[in-house]
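Given next are the chains, with one letter for each unit.
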Amino acid sequence: MKLARTISLLFVLVLATNLMAKEEEISKPLLRVWPAFRPEECEDWAILPYLCKRCLLQGKQYAQKIFFYESGPYRLHGCYLEPEGFSLEEEKK
């Protein structure tokens, strides 16, 4: 299960990197980290509430890494923990 999850995350990262490599970034990526203390809070503001709740269960915070291109922003959704930094999460419900 963990191996399949790791492989799928690597696949998503490679795919996202390839898509972003075709277009040049116009600024550095922005990391947005939201504080949440209870799963109910995720329903109020999180773009992906189910992912926010999953991050909370892991003891992490919901976060987005936003890349800026001429065509518009591109967002990666994941979790954030201070010593580890941003980690990409699968966007399955």
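Not measured: the values here are computed from a predicted model.

**Q** Can you walk me through the pairing of strand β2 (residues 61-69) in this structure?
**A** Along a regular strand, successive side chains alternate from one face of the sheet to the other. Bridging between strand β1 (residues 30-33) and β2 involves 4 bridges; their strand directions are antiparallel. Note that in β2 the partner of L31 across the bridge is K65. Direction of pairing for β2 relative to strand β3 (residues 72-81): antiparallel, over a ladder of 9 bridges. Bridge pairing in β3 links I66 to R75. Count of turn residues in the β2/β3 antiparallel hairpin: 2 residues.

**Q** Looking at this structure, how should I read the state of the cysteines?
**A** By definition, a disulfide links the sulfur atoms of two cysteines through a covalent bond. A full pass over the atoms with the stated rule returns 2 disulfides. C55 shares a disulfide with C79; S-S distance 1.8 Å. Residues C55 and C79 are joined by a disulfide whose S-S torsion is about -85 degrees; by sign, that bridge is left-handed. One end of the pair, C55, is in helix α3 (residues 49-57); the other, C79, is in strand β3, with 24 residues separating them in the sequence. In this pair, the class of C55 matches that of C79, namely buried. Across the chain, the disulfide pattern expressed with sequentially numbered bonded cysteines is 1-2, 3-4.

**Q** Looking at this model, I keep getting lost on the sheet that holds strand β4 (residues 85-88). Mind explaining?
**A** Hydrogen bonding along the main chain pairs the strands of a sheet, whether they run parallel or antiparallel. With respect to topology, 4 strands assemble into an open sheet ordered β1-β2-β3-β4, the strand pairing being antiparallel. Edge positions in the open sheet fall to β1 and β4, since each of these has one partner strand only. Pairs of neighbouring strands in the sheet enclose a mean axial angle of 40 degrees, with direction left out of account. As judged from the 4 bridges shared by β3 and β4, these two strands associate in the antiparallel manner. Residue pairing for β4: L81 is matched across the bridge by G85.

Rules of the game
- Residues numbered from 1 in each chain as written.
- Predicted model: local features only at pLDDT ≥ 70, side-chain atom pairs only at ≥ 80, totals over all residues.
- Heavy atoms only, no water.
- Pairing = 2+ DSSP bridges.
- Helix = DSSP H or I, 4+ residues; strand = E, 2+ residues; numbered from the N terminus.
- Disulfide = S-S within 2.5 Å.
- Buried < 20%, exposed > 50% of the residue type's maximum accessible area, 1.4 Å probe, protein only.
- Axes fitted to C-alpha atoms, helices over the stretch in contact; angles between N-to-C directions.

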